[in-house]
Every structure is written in C-alpha cells, then in structure tokens.
Amino acid sequence: MPLRPAHPAYVIYTSGSTGTPKGVEVSHASIANRLAWLQGVHGLTPADRVMQKTPMSFDVSVPEFFGTLLAGARLVVARPGGHRDPAYIAGLIEREAVTVVHFVPPMLRAFLLDERVAGRCRSLRRVLASGEALPPDLVERFHRLLPLPLLNLYGPTEAAVEVTAWTCAPGVRADAVPIGRPVWNTRVYVLDEFLRPVPPGVPGELYLAGVQLARGYAGRSALTAERFVACPFAGPDGPGGRMYRTGDRARWTADGAVLYEGRNDDQVKIRGFRIEPGEVEAALADHAGVRDAVVLAREDRPGVRRLVGYAVPARTARTARPA
C-alpha cells in the first residue's frame, strides 16, 4: 500500500497518568503542516543551531528534531535530563552558539532566575514557550534579560503539537499573554454549550479544526468520537469536517487573538505534561493502607507547580488485649 498524507506518522501518549494512556495518532499531513508553518515563521537556515532538549515523550520534541533537519540546520542535543538544569542549558547555548531554543514556562522561569546565567546566551535569536500558560511577569523578566521576540505557542497533543501562536515583543506589556491566532490551515472556535460562537470578551470552550487535527486515539473509537466531534461550520473544503473539543476555556480579544482562561475540568499541567488528578487519586485510594485520597496541583512558590496527594489512612481492626 502506498504511503499517503492521511496515514499515521507517529503515535504519542498523553494524560492517563495512572490509568490507561491515550495514544494519539498524528498523520503525515498534520505534522507536515506544523513543520511548514514553523519554517515559515523561523526561516531557519543551515547557519542555525537548534537545541533538542525535550524528552521524546513530549510532542514538542517532534518539531525540534524534524523541523531542524528539514531546514538543514544543526541539531544540538542536550544530555539526558539536561533540560532540568538551567546552568547546563545556558552553558550549552553559549558553547555551541545555539540560536533557537524551546522552554516550558516553569523551566523558562528557572532559566531566567539567575541573570548571569541567562545573560551569557547572546547567540539566541528566537525563544519559544509552550506547554503551560505563560505569565506576564515572566515575559517582562525575559525581555529585561534577553531583548528578543518570545513566541508563545498553544496546542494539545490531539492537534499536532501547537495550533496557535503569539509573538511577545519587547516593550509591550499586558495583563494577560494571548495564546494568539491559528497557524496555517487551522481554525479556532470559542463556543458556548450549544456550539454557538461567543462574542469577544465572553468566555467559552475552545474547539480546534483544520488539517492539524490528529486522526484520533489509537484503538479507542468511543473516546475518539467523544472528543473529535462534527464541525457545524464550513471550512475551506466545505461542510463535513471535524473539530476537537479541548476542554479549555478561552475568550477572544477585541483584536482577534485568543486568551486562555483555564480548564473546564480538573485536568492540570505539570512541566507541560497533562495529568488527571482523579486518576492519581484512584491509584492512591487503591492502596490497602489508604481509605480516601485527594490530589491537588499546588504552587507554593510562583511558577513552581507540584502535584501533592493527601491520604486518609485506612482503619485497622484493633486486637483486644487479654485482661
């Protein structure tokens, strides 16, 4: 059988932190669109050096690998676990003259914590951030230390890495950082509970459509049908397409950008990875010594989010002592 654009290019697993992971099938057409858009934005050349530091279990690694190689640029591979060490990352950027690097916001904050560390990275010409909401104070700190464009990206695994983008320019301050506007051949809808578009400024649920949507969940047709629903809006090819229900809340700004407003459920992100606290709670409660459990994402220090579990011990039968 000849290989076609609709055939799967890769399967990457998401969520299901303690239960059954969801394997997302991404087609060649989906990731090819994402990589073409990336090259259109970056304009990478053979002179560029892109750091590959994202673990392969995170879909951001896909454009780090293939986007770089397709452009003929050089890939600078960080050591295993090196993405957790800001001083090591800064040293590698300086030593290898890295020009493009990606961070999840918590690691970007850690990277910028020591001004001397970040200040050494003068070879950088573009920095990308995605995986979690990007706080405005982090953008301001970034621009104080590195007067570069900071590209804020958004996208679930179910839509070939990222599907919206916003350039945070130096000198521009905002109360909230938009996740931006759709990338090429991608559509974004903010809808109410009846799938009607909401006006600018009104929160609704974020839906995605277009070529970057994944094929669905591998071997899980019922879950695919639940999350990838019929799109009531005609696209470039007419009616009959699909859209992905993200579960994220968002709103349009007056100038046509999208602002992320949080989740409709209890799902959280830790260092860019989606986690279902309910599944972790179920695993804790399944232990013989635990009667009940609850799991929360806590941010005791700004920008440092951790998953914390609370457990109620199971009652044990007391053995009566002989008189």
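Residues numbered from 1 in each chain as written. Predicted model: local features only at pLDDT ≥ 70, side-chain atom pairs only at ≥ 80, totals over all residues. Heavy atoms only, no water.

Got a sec to walk through the overall build of the protein chain? Specific residues and values, please.
Looking only at helices and strands, one finds eight helices and 19 strands in the protein chain. When the 323 residues of the protein chain are sorted by exposure, 47% land in the buried category. A fraction of 58% describes how many contacts in the protein chain between residues 6 or more apart in sequence connect residues 24 or more apart. Entry remark: accessible area of the protein chain is about 16,500 Å², with carbon and sulfur atoms responsible for 55%. (Helix = DSSP H or I, 4+ residues; strand = E, 2+ residues; numbered from the N terminus. Buried < 20%, exposed > 50% of the residue type's maximum accessible area, 1.4 Å probe, protein only. Contact = heavy atoms within 4.5 Å. Areas by Shrake-Rupley, 256 points an atom, 1.4 Å probe, with all protein chains shown as cover.)

Lay out the pairing of strand 10 (residues 186–191) in plain terms, naming residues and giving numbers.
Of all six residues making up strand 10, five are buried, and the element is well covered by its neighbours. As paired elements, strand 10 and strand 11 (residues 204–210) share six bridges and run antiparallel to each other. Paired with Arg187 across the two strands is Ala209, which belongs to strand 11. (Pairing = 2+ DSSP bridges.)

Go over the packing of helix 1 (residues 28–42) against helix 2 (residues 61–70), please, and point to the residues and values.
At a minimum axis separation of 10 Å, helix 1 and helix 2 run at an interaxial angle of 65 degrees. In the crossing of helix 1 with helix 2, the sense of the turn from one axis to the other is right-handed. Taken together, the residues of helix 2 that come into contact with helix 1 (itself represented by Ile31, Arg34, Leu35 and Leu38) are Val62, Pro63, Phe66, Gly67 and Leu70. Each residue belonging to the contact of helix 1 with helix 2 can be placed in one class, and the counts come to seven nonpolar, one polar and one charged. (Axes fitted to C-alpha atoms, helices over the stretch in contact; angles between N-to-C directions. Left-handed = near helix turned anticlockwise from the far one by under 90°. Nonpolar A, V, L, I, M, F, W, Y, C, P; charged D, E, K, R; others polar.)

A description of the sheet that holds strand 1 (residues 8–14) should follow, citing residues and the corresponding values.
Read across the open sheet, the three strands follow the order 1-2-12; overall the sheet is antiparallel. Each edge of the open sheet carries a strand with a single partner, namely strand 1 and strand 12 (216–217). Pairing between strand 2 (residues 22–27) and strand 12: two bridges, direction antiparallel. The residue of strand 12 that forms the bridge with Glu25 is Gly216. In the packing of helix 1 onto the sheet, contacts are made with strand 1 and strand 2, and the angle to strand 2 comes to roughly 70 degrees.

An account of the packing of helix 4 (residues 105–113) against helix 6 (residues 136–145) is needed here, citing residue identities and associated values.
Two numbers describe how helix 4 lies on helix 6: the axes approach to 10 Å, and their chain directions differ by 40 degrees. In terms of orientation, helix 4 and helix 6 fall into the oblique class. In terms of crossing hand, the pair formed by helix 4 and helix 6 is left-handed. Listed contacts from helix 6 to Pro105, Leu108, Arg109, Leu112 and Leu113 of helix 4 are Asp137, Leu138, Arg141, Phe142 and Leu145. A class-by-class count of the residues in the contact of helix 4 with helix 6 yields seven nonpolar, no polar and three charged. (Parallel < 35°, antiparallel > 145°, perpendicular 65-115°, else oblique.)

If you had to explain helix 2 to someone new, which residues and values would you point to?
Of all the residues in helix 2, the buried ones are Ser61, Val62, Pro63, Glu64, Gly67 and Thr68. On the buried face of helix 2, the contacting elements are strand 1, helix 1, strand 3 (49–52), strand 4 (74–77) and strand 5 (100–103). Where helix 2 ends, the next residue or the one after it, Gly72, has phi of about 75 degrees, a positive value.

Help me get a handle on helix 4, residues and values and all.
Spacing of three or four residues puts side chains on the same side of an α-helix, whose turn is 3.6 residues. Among the nine residues of helix 4, seven are classified as buried, and the element is accordingly described as predominantly covered. Here helix 4 has its buried residues at Pro105, Pro106, Met107, Leu108, Arg109, Phe111 and Leu112. Against the buried residues of helix 4 lie helix 3 (86–96), strand 5, helix 5 (115–119), helix 6 and strand 7 (150–154).

Quick rundown of the pattern of salt bridges? Include the residues and the values.
Counted by the stated rule, this structure contains 11 salt bridges. Between Arg215 and Glu25 there is a salt bridge; the shortest N-O distance is 3.0 Å. One end of the pair, Arg215, is in the loop between strand 11 and strand 12; the other, Glu25, is in strand 2, with 190 residues separating them in the sequence. For the salt bridge of Arg116 with Asp114, the shortest nitrogen-to-oxygen distance reads 3.3 Å. (Salt bridge = Lys/Arg side-chain N within 4 Å of Asp/Glu carboxyl O.)

Please provide a residue-by-residue account of the environment of Tyr88, values included.
Tracing the chain through its elements places Tyr88 in helix 3. Here Tyr88 falls in the buried class, since its relative accessible area comes to 15%. In this structure the C-alpha to C-alpha distance between Tyr88 and Phe111, which are 23 residues apart in sequence, comes to 9.8 Å. Once residues within four sequence positions are removed from consideration, Tyr88 is found in contact with Ala78, Arg79 and Gly82.

So what's going on with the side chain of Thr253? Which residues, and what values?
Examined against the element boundaries, Thr253 turns out to sit in the loop between strand 14 (242–252) and strand 15 (258–263). On the accessibility criterion, Thr253 (16% relative accessible area) is buried. Excluding its chain neighbours within four sequence positions, the residues that come into contact with Thr253 are Pro200 and Leu259.

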